[in-house]
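What follows is the residue order along each chain.
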2 protein chains.
Amino acid sequence: MVEEVLTGRLEENKVRLGPEALKDLYEQGYFGKPSGKGLDLSLVEAVYLLDRSRIRVHSEDADKCRKELSYKDLFQIASAREKGFEFRYVVYKDLRERGYYVQPGRPDFRVYPRGGHPGKTPAEFYVYVLSERTPVPLNEFLEPVRLASQMRKRLMVAVVDEESDITFYEAREKSMTGKMGKDDGGGKATLLEDRVALWDEAASEKLHHRGFYGKAVGGRLQLSLVESAYLLEKSVISITDREGIPLNLEEFKKRAGNVEEDFDAKYQVYKDLRDKGLVVKTGFKFGTHFRVYKQVEAPDKAPHSEYLVHTLPKDYVFPLPVLSRAIRLAHSVRKEMIFAYPEGNSVKYLEIKRLRP
Amino acid sequence: MVEEVLTGRLEENKVRLGPEALKDLYEQGYFGKPSGKGLDLSLVEAVYLLDRSRIRVHSEDADKCRKELSYKDLFQIASAREKGFEFRYVVYKDLRERGYYVQPGRPDFRVYPRGGHPGKTPAEFYVYVLSERTPVPLNEFLEPVRLASQMRKRLMVAVVDEESDITFYEAREKSMTGKMGKDDGGGKATLLEDRVALWDEAASEKLHHRGFYGKAVGGRLQLSLVESAYLLEKSVISITDREGIPLNLEEFKKRAGNVEEDFDAKYQVYKDLRDKGLVVKTGFKFGTHFRVYKQVEAPDKAPHSEYLVHTLPKDYVFPLPVLSRAIRLAHSVRKEMIFAYPEGNSVKYLEIKRLRP
């Protein structure tokens, strides 16, 4: 009976099997890659099939002595030869056990839709495997997002935690648009310690009611720094400091930057979203920069906000637990989690959400 | 009629009123502090009462000319004279409008229980006011926590966001205890890239079943680095590297520290919690270091975990949006949010939760 198990030979980063494997492994499960008259398995595939006793694997030492490798042997060799092998293996195994056809490919795997398989249907997902422990630069994260988008695939991001549990996400570029009109109102305001007071009660009422700006404190509006800068830039309000000295946009932004380190980056995103007709309010209660509404008819009829938006600098490096927390929180309050980042003079948006394959 | 409104005089950081104010303001609303034959109002109290037209306020300039101050005048003066005036004012106003008696006091205010008032009942809360924008060093945050605890008060932390909305928290020291017994099991394990594989299936089963250690991947356990260090320290398992070289605790911790920057701090907390009989698993899905159970009878009967625990270094500085997000997330999954920090050789725990006054 043992003779019937297919036997392959470990060669560098693959296990090479003879022509009989084409029928048993490739045609029946889409394992490996046909090459010449045989089949090449990646190490992930080989360990998986060895654990299921579907193959045996031999290695050859320097003296040409053949040795049969146990699961433990092959796992340790693979772990030493391929960086990130343990994570990729856990994800591969998980997806296979869910009944998907999975093949190695950029960035890590390709996954076929249920009921589909290689040759019959195109792949649905590209899979990008990350370890919870490895911080990912935003630019690096964006590469597979763009690759998938160009190839019209969805991008599945599989994050493996320290206990080998997997969390799946889908990431994609997002365009943002809202339905709000232009603001007007007017009024004189004062920059206080780190916020702005608009003293005129009628102007306060109008800006709060029509654009959901600021917070009414005793009939007068307290505006945040980004709100104030925007209304100043649009010439809706004028601002002085506590000594009565008028502040133009440049001077106001300078002072705001002293209060809030990342003011300029936040303001760029705030302005972009407001210009696109969205209503943007602080997301402090959710631990993000902004919560965003497509439309608000009046503050007392404020609907559920659709998005949480957080601004990232272009050179940002994601600690994955932070990503996990932001998305989990957004979903727990039924909002989409959007990351905004600058690209030249414009702003781009990246949506990341939980996926349950 | 105008003559009937009490009139006070601005002096530095207070507004001084005559004896008639004792009856009208102190005895009826516990505003201000009796001093000599009159009443002294803090600036927060004075702005509040001025906005309600319960007092008028005069200032004297260098030439001894009296001038009546408007709400805007007094607000701007107060904002310039007292750091954080705007935040404290928003919180004071909010609590007063909820019907509480509030008095100035360390760290910012004292709040009396509903139905109680100064002279009748002791204060229930100390109130600590923070601006969302001001990062708070852990040590500074702990001061009012300890002060309140010594005085047998509850500590209310009021965080004012950029739009002047307030989020209330309660913070207190917490002692942690669980109900688990000692571990045994044994078995040989290998340190792979960033986790540990236990190859023996019986030992794997035992450790996973009785102590909820690791994750079963094909019948064999994958252990996280903190789990492995703990089981190694308790002599439950032995560990080699991929070359078969045995690793003692010191060497293992050194290698783990190369993989995970804050390994030592995380391990100190992991060990403390396990030693106290709690079950500690990764909290990655919640964006924290650990999720913690008081008791787990078997992995397939794992109850809801009670706590999320995050480890902070002693010199940690809280960005308040991060605090907000962590607590919001913990509550959305019905867990308590606990921050752990080292104190000498022991570990202390700080619970912070939302409060709805």
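Residues numbered from 1 in each chain as written. Chains lettered and ligands numbered in written order. Predicted model: local features only at pLDDT ≥ 70, side-chain atom pairs only at ≥ 80, totals over all residues. Heavy atoms only, no water.

Participant: I'm lost on the sheet that holds strand β24 (residues 346-354) of chain B in this one. Help?
Facilitator: All names here are of chain B. Spatially, the 10 strands line up as an open sheet ordered β7-β8-β9-β11-β12-β24-β23-β21-β20-β19, and their pairing is mixed. In this open sheet, the two strands that pair with only one neighbour each are β7 (102-104) and β19 (279-283). On average, each strand axis in the sheet is inclined to that of its neighbour by 30°, with strand direction left out of account. Packing of helix α9 (residues 263-275) onto the sheet brings it into contact with β19, β20 (288-293), β21 (307-311), β23 (336-343) and β24, and relative to β24 it is tilted by some 85°. (Pairing = 2+ DSSP bridges. Helix = DSSP H or I, 4+ residues; strand = E, 2+ residues; numbered from the N terminus. Axes fitted to C-alpha atoms, helices over the stretch in contact; angles between N-to-C directions. Contact = heavy atoms within 4.5 Å.)

Participant: Just checking my understanding: could you explain the pairing of β19 of chain B for this structure?
Facilitator: Strand residues, when the strand is regular, have side chains that alternate between the two faces of the sheet. Residue and element names in this part refer to chain B. Taking burial as the measure, the five residues of β19 include five buried ones, the bulk of the element. Relative to β20, β19 runs antiparallel, the two being bridged by five bridges. Among the inter-strand pairings, Lys 281 is bridged to a residue of β20, identified as Arg 291. In this antiparallel pair of consecutive strands, β19 and β20, the connection spans four residues, and Gly 287 shows a positive phi of 75°. (Buried < 20%, exposed > 50% of the residue type's maximum accessible area, 1.4 Å probe, protein only.)

Participant: Mind showing me how you'd approach the relation of the copies chain A and chain B here?
Facilitator: Two copies of a chain can be linked by a rotation about an axis combined with a shift along that same axis. Aligned on chain B, chain A shows an RMSD of 0.0 Å; the corresponding rotation is 180° and the shift along the axis is 0.0 Å. Both copies are brought into coincidence by an operation consistent with a two-fold rotation axis. Ranked by how close their C-alpha atoms come to the rotation axis, the residues of chain A are headed by Leu 329 of chain A, at 2.7 Å. The residues that chain A uses at the interface reappear at the interface of chain B in 100% of cases, marking a shared surface. (Least-squares fit on C-alpha atoms with pLDDT ≥ 70 in both.)

Participant: Hey, could you run me through the layout of surface pockets in this one?
Facilitator: Using a probe with the size of a water molecule, rolled over the atoms, empty space left in the structure can be pinpointed. Residue and element names in this part refer to chain B. Computed from the structure, the second largest pocket encloses a volume of approximately 490 Å³. If you trace the second largest pocket, you find 18 residues lining it, with Gly 84, Phe 87, Val 129, Ser 131 and Thr 134 closest to the centre. Where the lining of the second largest pocket is concerned, the elements lending two or more residues are α4 (85-97), β9 (125-131) and α5 (138-150). Ranked by residue count, the leading element in the lining of the second largest pocket is β9, at four residues. Broken down by class, the residue content of the lining of the second largest pocket amounts to seven nonpolar, three polar and eight charged. (1 Å grid on protein atoms, 1.4 Å probe; cavity = no way out; pocket = protein on both sides within 12 Å on 5 of 7 lines; lining within 4 Å. Points joined across faces, edges and corners; volume = space filled by probe spheres on them. Nonpolar A, V, L, I, M, F, W, Y, C, P; charged D, E, K, R; others polar.)

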